[in-house]
Amino acid sequence: VSAFGAGGTNVHVVLEAGAETGVEKTAEHIQWHRKRFAFKTEDPEQGGHPLLGKRFFSPVLEDGDVVFSSDISKDSPAYLAHHMIMGKVVFPATGYIEMALSAGKSVWRDDGIILEDITIRRALIIPEKGSVTVQLIMKPAEHTGYTFRICSCSAGENTTDDEWQVHAEGIIKK
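Residues numbered from 1 in each chain as written. Predicted model: local features only at pLDDT ≥ 70, side-chain atom pairs only at ≥ 80, totals over all residues. Heavy atoms only, no water.

**Side note on the environment of Ala103**
Right, so step 1: Among the secondary structure elements, Ala103 is positioned in helix H2 (residues 93-108).
Right, so step 2: Sequence spacing of Ala103 and Phe148 is 45 residues, and the spatial spacing of their C-alpha atoms is 9.4 Å.
Right, so step 3: Residue contacts for Ala103: discarding those within four places in its chain leaves Leu52, Phe68, Leu136 and Met138. (Helix = DSSP H or I, 4+ residues; strand = E, 2+ residues; numbered from the N terminus. Contact = heavy atoms within 4.5 Å.)

**Description of the packing of aromatic side chains**
Right, so step 1: Counting across every chain of the model gives two aromatic pairs.
Right, so step 2: An angle of 50° between the planes, with centres 5.0 Å apart, marks the rings of Phe91 and Tyr96 as tilted. For the residue pair Phe91 and Tyr96, the accessibility class agrees, reading buried in each case. (Phe/Tyr/Trp six-rings, centres within 6.5 Å; stacked < 30°, edge-to-face > 60°. Buried < 20%, exposed > 50% of the residue type's maximum accessible area, 1.4 Å probe, protein only.)

**Looking at the sheet that holds strand E9 (residues 165-173)**
Right, so step 1: Across the sheet, six strands lie side by side as E1-E2-E7-E8-E9-E5; this open sheet has antiparallel pairing. The strands lining the two open edges of the sheet, one partner per strand, are strand E1 (54-56) and strand E5 (114-120). Neighbour-to-neighbour, the strand axes of the sheet open up by a mean angle of 25°, direction not taken into account.
Right, so step 2: Where strand E2 (residues 66-72) lies against strand E7 (residues 132-141), seven bridges are found, and the strand directions are antiparallel. Note that in E7 the partner of Val67 across the bridge is Ile137. (Pairing = 2+ DSSP bridges. Axes fitted to C-alpha atoms, helices over the stretch in contact; angles between N-to-C directions.)

Written out as structure tokens, the structure reads:
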């Protein structure tokens, strides 16, 4: 008995229904309608990945450091508004993983990225109004690729080191 029941699959229901009309049907004659749903990997308004944003360049960065920055709100990307816990929009944990993988792909131009020792430090609560600046900071690690941290600060504030909150960290390898 399969997971779909004694008939084996759900296809048998369609084939049996055709037998009642006197028309012989096989799986090859059934027209399957498929829709693919995928998010765009680039957000033209932000100039990059919808969560990761644009790569940030500055002369004050230490040699080898890589920084990506984006402004995230409950409406951008739109699917964040549906990730609610106790009435608050919460950035999903898988979003941190997606950001780290995308950063690694951007740096190495390769899909063979490995993440290790990922730690979620605190939830990123998206405000009801306005946005949050989110940065992924990569620092070269000895013989291991990069360490990364994902931090946030309310957009538009005059920020100091004390106002940034670390949400996730780990290691990115090729």
